[in-house]
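Coordinates in review
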Amino acid sequence: MKNSSLLLIIGFSFIVSCLLMCDLHASGNASPRQISLAPADSVNVDSIKPAVSLDEVTVEASTISHRGTRDSYMITQDMKRGLRTAGELLMRVNGAFYNPVSHDLTYLGSSNIVLLVDSIERGADYIKRQSPNRFDRIDVVHQPTGKYSGYDALINFHTRPTYRGSEFNIGGNTWIRPDGVNGRGRDFNKTSPWADFTYTEDKWNVQADASWQWEQSGMSTYTTRTFPLNNYEERMLEQDPRDPTDLMRRRSLALETAVDYRINDRHIVSALVGVSTTGFDRTLKSRMVTGNINSVLRDTIGHISRLIENNYLG
């Protein structure tokens, strides 16, 4: 009997639910709980906010860092653009002035500078001639201490860890003085050819360079010596400007080779062998008149001396 009553209640509930649903569909009025969506083409266009255009934004990362007395410059493609040598890279360093013709370098007006490669001393001219593609950072230390105390600046080039390649450079300079101050037929004042080779692969670096320099310079000086107690006087006669009284010739040759092995970023083993030789010779010429003081100097004495000296350093 109880089961029959339960079935009657369930059946009555189902009939009532169906009647309510039919009534909702027939009336066309949605109940407060039903959500009605309008078609997309019926949305009011004026209610849509227009898109906002943002100005162009450029994100730049600093390539210069400062720590104490040290400035570090990261070498980027823009920094290397249009440059041929490491010396020209220094034109991008604040406070540095590099002359690409004479290769002279100053920092904050001082030429008292030491140049290093991977914290190793090398010839300044050799470092300036290297390719800018070899390096990824330049460190500049103001008023360095320790081993390099006394220099106004220390400039250290750092080789890229993954760099691999070779370089061969050759060049030279010649100075001419056509004014004849060195004497007839001696217009060439100075010449200095050089060559260097560098090969780098992984942790190894091999370099060799050679340079030779020859120069001559002339000058003329005239003096008068008086000896009052002896009533005697000596006076040097002026000569043709193209025949100097003092002619100096200098020559030098330098050879160097080195091998470096990079253990890590802070340790490098290096071996270097260098030989250099220098020498010079000097010629002195003069024509002198002698005689009593305040009298016509008549006696003429000719004097020529030649001093040849060579110094060899290895």
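Residues numbered from 1 in each chain as written. Predicted model: local features only at pLDDT ≥ 70, side-chain atom pairs only at ≥ 80, totals over all residues. Heavy atoms only, no water.

1. Structural notes on the packing of aromatic side chains
Which entries qualify depends on this criterion: Pairing of aromatic rings covers Phe, Tyr and Trp, the last through its six-membered ring, and needs centres within 6.5 Å; plane angles under 30 degrees mean stacked, over 60 mean edge-to-face, and all others mean tilted. A run of H or I in DSSP becomes a helix once it reaches four residues, and a run of E becomes a strand once it reaches two; helices and strands are each numbered from the N terminus. Only protein chains enter the calculation, and the probe is 1.4 Å; a residue is then buried if its accessible area is under 20% of its type maximum, exposed if over 50%, and partly exposed in between.
Counted under the stated rule, the structure contains four aromatic pairs. Between Trp-204 and Tyr-261, the ring centres sit 4.7 Å apart and the planes meet at 55°, which makes this aromatic pair tilted. Of this pair, Trp-204 sits in strand β11 (residues 204-219) while Tyr-261 sits in strand β14 (residues 246-264); the two residues are 57 residues apart in sequence, bridging distant segments of the chain. Overall, Tyr-261 belongs to the partly exposed group, its relative accessible area being 31%. Ring centres of Phe-227 and Tyr-232 lie 5.8 Å apart, and the angle between their planes is 35°; this geometry places the pair in the tilted category. Under the relative-accessibility criterion, Phe-227 is labelled partly exposed at 31%. The class of Tyr-232 is partly exposed, set by a relative accessible area of 28%.

2. Remarks on the confidence of the model for the chain
For clarity, the cut-off: pLDDT expresses, on a scale from 0 to 100, how confident the predictor is about each individual residue. In this description, contact between two residues means that some pair of their heavy atoms is separated by no more than 4.5 Å.
Here the chain shows a mean pLDDT of 80. Residues at 70 or above account for 75%. Note that residues 1-38 has pLDDT below 50 and, in this model, one contact with residues that lie over four places away or in other chains.

3. Here we look at the sheet that holds strand β5 (residues 113-117)
So the rule is basically this: Note: two strands are recorded as paired if DSSP finds a minimum of 2 bridges between them.
Taken in spatial order, the six strands line up as β1-β2-β7-β8-β5-β6 in an open sheet, and their pairing is mixed. Each having just a single partner strand, β1 (64-67) and β6 (120-121) make up the two edges of the open sheet. Strand direction decides the pairing type here: strand β2 (residues 70-74) and strand β7 (residues 135-142), joined by five bridges, are antiparallel. Bridged to Tyr-73 within β7 is Ile-138.

4. Regarding the nonpolar core
Worth spelling out the cut-off: Buried Ala, Val, Leu, Ile, Met, Phe, Trp, Tyr and Cys residues form a nonpolar core when they are joined through side-chain atoms within 4.5 Å.
In terms of nonpolar packing, the biggest core is built from 23 residues, with Val-93, Ile-138, Ile-155 and Phe-157 touching the most fellow members. Each residue touching Ile-155, except ones within four places of it in the same chain, is listed here: Leu-90, Leu-105, Ile-113, Val-114, Leu-115, Leu-116, Ile-138, Asp-139 and Val-140. The next biggest cluster of nonpolar side chains, apart from the first, holds five residues, and it includes Val-114, Leu-116, Val-141 and Leu-154.

5. Some words on the side chain of Arg-129
Examined against the element boundaries, Arg-129 turns out to sit in the loop between α4 (124-128) and β7. Setting aside residues no more than four positions away along its own chain, Arg-129 makes contact with Thr-85, Asn-169, Trp-194 and Asp-196.

6. Section: the side chain of Ser-131
Threshold: Whenever two N or O atoms come within 3.5 Å, that pair is a polar contact, provided that in protein one can donate a hydrogen and the other can accept it, and provided that, for residues adjacent in sequence, both atoms are side-chain atoms.
Positionally, Ser-131 belongs in the loop between α4 and β7. Among the polar contacts made by the side chain of Ser-131, one reaches the main-chain amide nitrogen of Asn-133 at a distance of 3.2 Å. Setting aside anything within four residues of it in sequence, one finds Ser-131 in contact with Arg-84 and Glu-167.

7. Re a nonpolar patch on the surface
As a reminder of what qualifies: Residues enter patches when they are more than 30% accessible in relative terms and free of salt bridges; like-charged ones are connected within 9 Å and nonpolar ones (Val, Leu, Ile, Met, Phe, Trp, Tyr) within 5 Å. Method for areas: the Shrake-Rupley scheme with a 1.4 Å probe, in which residue coverage is limited to the protein chains shown. Every case where a carboxyl oxygen of Asp or Glu lies within 4 Å of a side-chain nitrogen of Lys or Arg is listed as a salt bridge.
Together, Phe-168, Ile-170, Phe-197, Tyr-199, Trp-204, Val-206, Val-259, Tyr-261, Ile-263 and Val-269 line one region of the surface with nonpolar side chains, adding up to about 930 Å² of accessible area. No other element matches the three residues that β14 contributes to the nonpolar patch. Along the chain, Phe-197 turns up in strand β10 (residues 188-201). Taking the relative accessible area as the measure of exposure, Phe-197 reaches 36% and is therefore partly exposed.

8. Quick look at the environment of Pro-241
By the secondary structure assignment, Pro-241 is in the loop between β13 (232-236) and β14. Considering only alpha carbons, one finds Pro-241 and Ser-220, 21 residues apart in sequence, at a separation of 7.6 Å. In this structure, Pro-241 is in contact with Gly-180 and Val-181, ignoring residues within four places of it in sequence.

9. Observations regarding unusual backbone geometry
Of all residues except glycine, most have a negative phi; of all peptide bonds, most are trans. One non-glycine residue, Gln-143, lies in positive phi territory at about 50°. Inspection of the secondary structure puts Gln-143 in the loop between β7 and β8 (153-159). Although it is not a glycine, Asn-231 sits at a positive phi angle of roughly 55°. Mapped onto the elements of the fold, Asn-231 is located in the loop between β12 (224-227) and β13. Accessibility expressed as a relative area gives 35% for Asn-231, which makes it partly exposed.

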